[in-house]
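A structural walkthrough
Residues per chain, in single letters:
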Amino acid sequence: MAGFSFSCCSLINPPILFTLPSESPLFLLGSGKDSPATRRRARKLVVSHAHSNPKIINPKKKSRYGQTLSPYDSDEEEELDDESDDDDDDDWLLNDDFAEVTEYEKKKPKSQKQTIAKKGVKKEAVKSWETDEEDDISITRKASDKNKKIEKDSWRLDGRGKVSSRKHVAKLYPRLSEEIDIDPKWVPLLDYLSTFGLKESHFVQMYERHMPSLQINVLSAQERLDYLLSVGVKHRDIKRMLLRQPQILQYTVENNLKAHISFLMGLGIPNSKIGQIVAVTPSLFSYSVENSLRPTIRYLIEEVGINENDVGKVVQLSPQILVQRLDITWNTRYMFLSKELGAPRDSVVKMVKRHPQILHYSIDDGFLPRINFLRSIGMCNSDILKVLTSLTQVLSLSLEDNLKPKYMYLVNELKNEVHILTKYPMYLSLSLDQRIRPRHRFLVELKKVRKGPFPLSSLVPNDESFCQQWAGTSVDKYLAFRQRLLLKDFANKYEKRG
């Protein structure tokens, strides 16, 4: 048995004693025998991260709500599989209109763009927000030392010959050469990274964000990216990962990448999800497993109250939680919900477990507008709490494009009163265009609807069960009707725009 004591700053609740069985996958969080010095260090431990990105998916994207084929507006799985390829979208998969911007994000660091002298390269100081742990700094230095041993002659990967002059490099990468002074030894790496869809403008971004990333030996870079591909990262995601975290090229497989992947597996996350988590939050590799990531997991268990067996699920739903200041985000949101809605601790813990993204949402721009909207349509605090506890995703839905239209359709078309939402909160997560309106119109056309409120229970089952239990017809007939309705609605919207 191993015991842990964990404490945070004065704003956090008193420390909680936590014990894990030896066979537990989370037994790796600490050692069973702690020395007095170790215990003293543990008492001073604070879950602190030098950088994080509290942004989430933008619920207003048309591809998600206006034209998605999914019958749901809550799309946790879809946000991991997004295939959009916007070159300018640096913060892919992590965008949100009401996500809170922390102080350290408001103060953007000055550009790291430097001019490289022809006689040599001046090493850039490692910033605290890049690798804030001693072991990561050591890794960076080792990678830099290894690069010095590269042969003097640089060969292109495609066999087009030796690159021996800067003029030749300028012909190969003219735009990049205008921005920075390229060393001919970089060309093999640039050629290799181009196979992932990276262009000259992307190399400029990588250079400005972390210049040493372009000085890596191409064979070392290939080894590291091959490893990431082997654990499930998709080829198309490598480009976005490098744009957000070019330092990945410096992280060695044995000393960094494998340790972080093993950590994720130790949380009980299935192998099939590892690549997706890494693609969404590549910055986790810049955090020490021992000094940062494991304390975060301990905090979720001991302070927040997430069950040990559910931690892996929470990380799958919101990988960004690993690189976040949980002591601040948890306490501020818990205190707000407790004061605003009278939410007991257990209810807030359920919200975090079901939708941990709420720890990223701004209180002023995310929580309050949606709570006030539910109040404006006649819901009391206790009803709002029931809805949020059952369907916390409501806090992520757009007011104008989602919640308001669904409420209007519920009252005007389905002839229901707002209190029905406490019984069927799932209604708010269903797509109005893909699920609610088609099923309602289909049953009306078949004359299967009785007078009075439309039964929201008919919206819950899948298409097969709906057709069998409610419509009494084939799935093909319903799908054909839905397709005609969608085309008709699209045509009407197009005419209004014209």
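Basis of the calculations
- Residues numbered from 1 in each chain as written.
- Predicted model: local features only at pLDDT ≥ 70, side-chain atom pairs only at ≥ 80, totals over all residues.
- Heavy atoms only, no water.
- UniProt positions renumbered as here; feature names shortened; annotations may be inferred.
- Helix = DSSP H or I, 4+ residues; strand = E, 2+ residues; numbered from the N terminus.
- Buried < 20%, exposed > 50% of the residue type's maximum accessible area, 1.4 Å probe, protein only.
- Contact = heavy atoms within 4.5 Å.
- Phe/Tyr/Trp six-rings, centres within 6.5 Å; stacked < 30°, edge-to-face > 60°.
- Lys NZ or Arg CZ within 6 Å of the ring centre and 35° of its normal.
- Salt bridge = Lys/Arg side-chain N within 4 Å of Asp/Glu carboxyl O.
- Axes fitted to C-alpha atoms, helices over the stretch in contact; angles between N-to-C directions.
- Parallel < 35°, antiparallel > 145°, perpendicular 65-115°, else oblique.
- Left-handed = near helix turned anticlockwise from the far one by under 90°.
- Nonpolar A, V, L, I, M, F, W, Y, C, P; charged D, E, K, R; others polar.
- pLDDT = per-residue confidence, 0-100.

Within an unreviewed UniProt entry, the label attached to the chain reads Transcription termination factor MTERF9, chloroplastic, and the organism entered is Brassica carinata. On record in UniProt, under Sequence similarities (unreviewed entry), the comment for the chain is "Belongs to the mTERF family."

**Looking at the overall build of the chain**
A tally of helices and strands in the chain yields 23 helices and 2 strands. Expressed as a percentage of its 498 residues, the buried residues of the chain come to 51%. The long-range share in the chain, meaning contacts at least 24 apart out of those at least 6 apart in sequence, stands at 75%.

**Concerning the packing of aromatic side chains**
One pass over the structure, following the stated rule, counts 9 aromatic pairs. Aromatic pair W186 and Y207: ring centres 6.4 Å apart, planes at 40°, arrangement tilted. Placement of the pair is W186 in the loop between α7 (174–179) and α8 (187–194) and Y207 in helix α9 (residues 200–209), with a sequence separation of 21 residues. Its relative accessible area of 0% is what places Y207 among the buried residues. One aromatic cluster in this structure is built from F442, F466, Y478 and F481. Across the ring face of Y334, the terminal group of R345 is positioned such that the distance to the ring centre comes to 5.4 Å.

**Quick look at the pattern of salt bridges**
Per the counting criterion, the structure on display carries 11 salt bridges. One salt bridge in this structure joins R375 and E340, with 2.9 Å as the shortest N-O distance. One end of the pair, R375, is in helix α18 (residues 363–376); the other, E340, is in helix α16 (residues 326–341), with 35 residues separating them in the sequence. Overall, R375 belongs to the partly exposed group, its relative accessible area being 27%. Between E400 and K404 there is a salt bridge, with the nearest N and O atoms lying 2.7 Å from each other. Placement of the pair is E400 and K404 together in helix α20 (residues 399–412), with a separation of 4 residues, close to one helical turn. K404 sits in the partly exposed class, given a relative accessible area of 31%. Salt bridges linked by common partners bring D310, K313 and K353 together as one network.

**Observations regarding the side chain of T389**
Within the element layout of this structure, T389 appears in helix α19 (residues 381–390). In contact with T389, not counting residues within four places along its chain, are S347, K350, M351 and R354.

**Side note on the packing of helix α12 (residues 253–266) against helix α13 (residues 271–280)**
Following both chains from N to C, one finds α12 and α13 inclined at 125°, their axes separated by 10 Å at the closest point. In terms of orientation, α12 and α13 fall into the oblique class. In the packing of α12 onto α13, the handedness of the crossing is right-handed. Contacts from I261, L264 and M265 of α12 reach α13 at N271, I274, I277 and V278. Grouping the constituent residues of the contact of α12 with α13 by class yields 6 nonpolar, 1 polar and no charged.

**Re the environment of V460**
Looking at where V460 falls in the secondary structure, it is placed in the loop between α21 (432–445) and α22 (463–471). Note: C-alpha distance between V460 and Y427 (33 residues apart in sequence) is 8.0 Å. Those residues in contact with V460 that sit more than four places away from it in its chain are Y424, M426, R435 and R439.

**What about α19?**
For an α-helix, the turn length of 3.6 residues means that residues three or four places apart are oriented alike. Residues D383, I384, L385, V387, L388 and T389 constitute the buried set of α19. Check the buried side of α19 and you find it contacts α16, α17 (345–354) and α18.

**Remarks on the confidence of the model for the chain**
Model confidence for the chain is summarised by a mean pLDDT of 76, while 66% of its residues fall at 70 or above. Note that residues 74–140 has pLDDT below 50 and, in this model, 169 contacts with residues that lie over four places away or in other chains. Overall, residues 146–159 carries pLDDT values under 50, and its contacts beyond four positions in sequence, including any with other chains, amount to 27 contacts.

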